[in-house]
Amino acid sequence: MFTLRDLFFKHVAQTSNNSLSFTVSFAKNEFIYDQNNNPYLDCISGIAVSNVGHNNPYVVNAIKKQADLFLHTMVYGEHIQQPQVLLAKKLSDLTHNQLHQVYFLNSGAEAVDAAIKLARKFTNRKQIIACRNSYHGSTIGAMSLMSNYEYYSAYGPFLQDIDFIEFNNIDSLNKITQQTAAVIIELIQGEAGYIPIQNEFLIALHETCKIHHCLLIFDEIQTGIGRTGKFFAFEHFNIVPDVLLLAKALGGGLPLSAIMAKEHVLSAFKDNPPLGHLTTFGGNPLSCAASLAAIEFIETHDILKNVQDKEKLFFKLLANHSDKKIRGLGLMLAIQLNSDTTVQKIIAYCFEKGLLLDWFLFNPSAIRIAPPLTINTEQITFLCQILNEALNLHGY
Ligand SMILES: Cc1ncc(COP(=O)(O)O)c(C=O)c1O
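Below is a summary of the structure that appears in this document. (Residues numbered from 1 in each chain as written. Predicted model: local features only at pLDDT ≥ 70, side-chain atom pairs only at ≥ 80, totals over all residues. Heavy atoms only, no water.)

Structural notes on the pairing of strand 14 (residues 332-336)
Okay, so step 1: Burial analysis of strand 14 places 5 of its 5 residues in the buried class, the great majority of the element.
Okay, so step 2: Alternating residues of strand 14 divide into Met332, Ala334 and Gln336 and Leu333 and Ile335, and every residue in both groups is buried.
Okay, so step 3: In this structure, strand 13 (residues 325-329) lies alongside strand 14, joined through 5 bridges in antiparallel fashion. In the strand pairing of strand 14, leucine 329 is matched with methionine 332.
Okay, so step 4: Note: strand 14 against strand 17 (residues 363-369), 4 bridges, orientation antiparallel. (Buried < 20%, exposed > 50% of the residue type's maximum accessible area, 1.4 Å probe, protein only. Helix = DSSP H or I, 4+ residues; strand = E, 2+ residues; numbered from the N terminus. Pairing = 2+ DSSP bridges.)

Dropping the structure here:
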């Protein structure tokens, strides 16, 4: 008789030889429960998706209501379906109508790929500039924007006319020229270990893009939907991009991504030739209904103000010292240590005590903390207590 675990290893493709292989029986609010119904505090939100908690009742009710009406019709601007239209209007309102049109897709990488196409068509230029150490996804287009040789080298050839600048290095902005179609950037570099962008760098980048008439694309796939304490991370900096990419938490737990821009930019997909970007499921009614409910939950429960208070509590309880640095914004926090193996040991110790934590693809000597935004004071205190215990055990 095969166990679920046996079948998992036999039939579900693995992406590493050391899968966590944690069996999930159900998830509720801030917790994921294992096969024996033991609760684990979700400290990473899988990853940065479950911002409003697992199976948030607002979201689940909205999904159920929509499931009774219809599951699927044509989604890419052909049929008028209420959840998609209302969500597009809501997202536009949240940008104060500065980015008033939305093209919906399914995943982050797909939005990145579509944004590359959009920038090239809109500007009639080819070059896309990304930052070293950024992660924009795993499709061939998104992976073309990856600078980490170890991860991409087996999968080329990639898109042509890609170049890289250094994150937070104003001198490297001279790579942006009249040939550049777009610069794509994360406001907190995710897989590099939650490194926030510096204000002066962002101002200089914005100016440079304006001078050369190229598009500035913010990849807010991880930072969006309240993760940093503002609905969009760009609100911390008062700089609105030409194109904004959202995914992960956007769908309230269901797959959904979006490209937001002004109409004259997004209409590049509309003609010469028409139907420039298509999707069968992007912006499907279930995901859009779930997304609207998640956004309304954030608005009606004062979640954003609370995120800022919770960030302060984390910084207070996980004090910085010479061997350990805490950084990040809102509930997108990293503890920088100086050893990969210690990070793995700390994550394993915390797992034994009921915490689900993680590391970073391009920074394995840092610990990732990105819990549901609904995490409460008591849970934060517990998380920090166990983490401090583990850190102390390893000399931090
Ligand atoms: C900043 C950023 N962009 C893009 C992606 C890719 O999103 P997806 O995994 O939905 O394709 C991710 C995923 O981690 C991300 O963090």
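Remarks on the environment of phenylalanine 232
Okay, so step 1: Along the chain, the position of phenylalanine 232 falls in the loop between strand 10 (215-219) and strand 11 (243-246).
Okay, so step 2: Taking the C-alpha atoms as reference points, phenylalanine 232 and alanine 154, separated by 78 residues in sequence, lie 34 Å from one another.

Describing the pairing of strand 11
Okay, so step 1: A two-sided burial pattern is seen for strand 11, the buried positions comprising Val243 and Leu245 on one face and Leu244 and Leu246 on the other.
Okay, so step 2: The pairing of strand 10 with strand 11 spans 3 bridges and is parallel. Looking at the pairing, aspartate 219 lines up with leucine 245 of strand 11.
Okay, so step 3: Bridge analysis of strand 11 against strand 12 (residues 257-261) gives 4 bridges, and the strand direction is antiparallel. In the sheet register, leucine 245 faces strand 12, and the bridge partner there is isoleucine 259.

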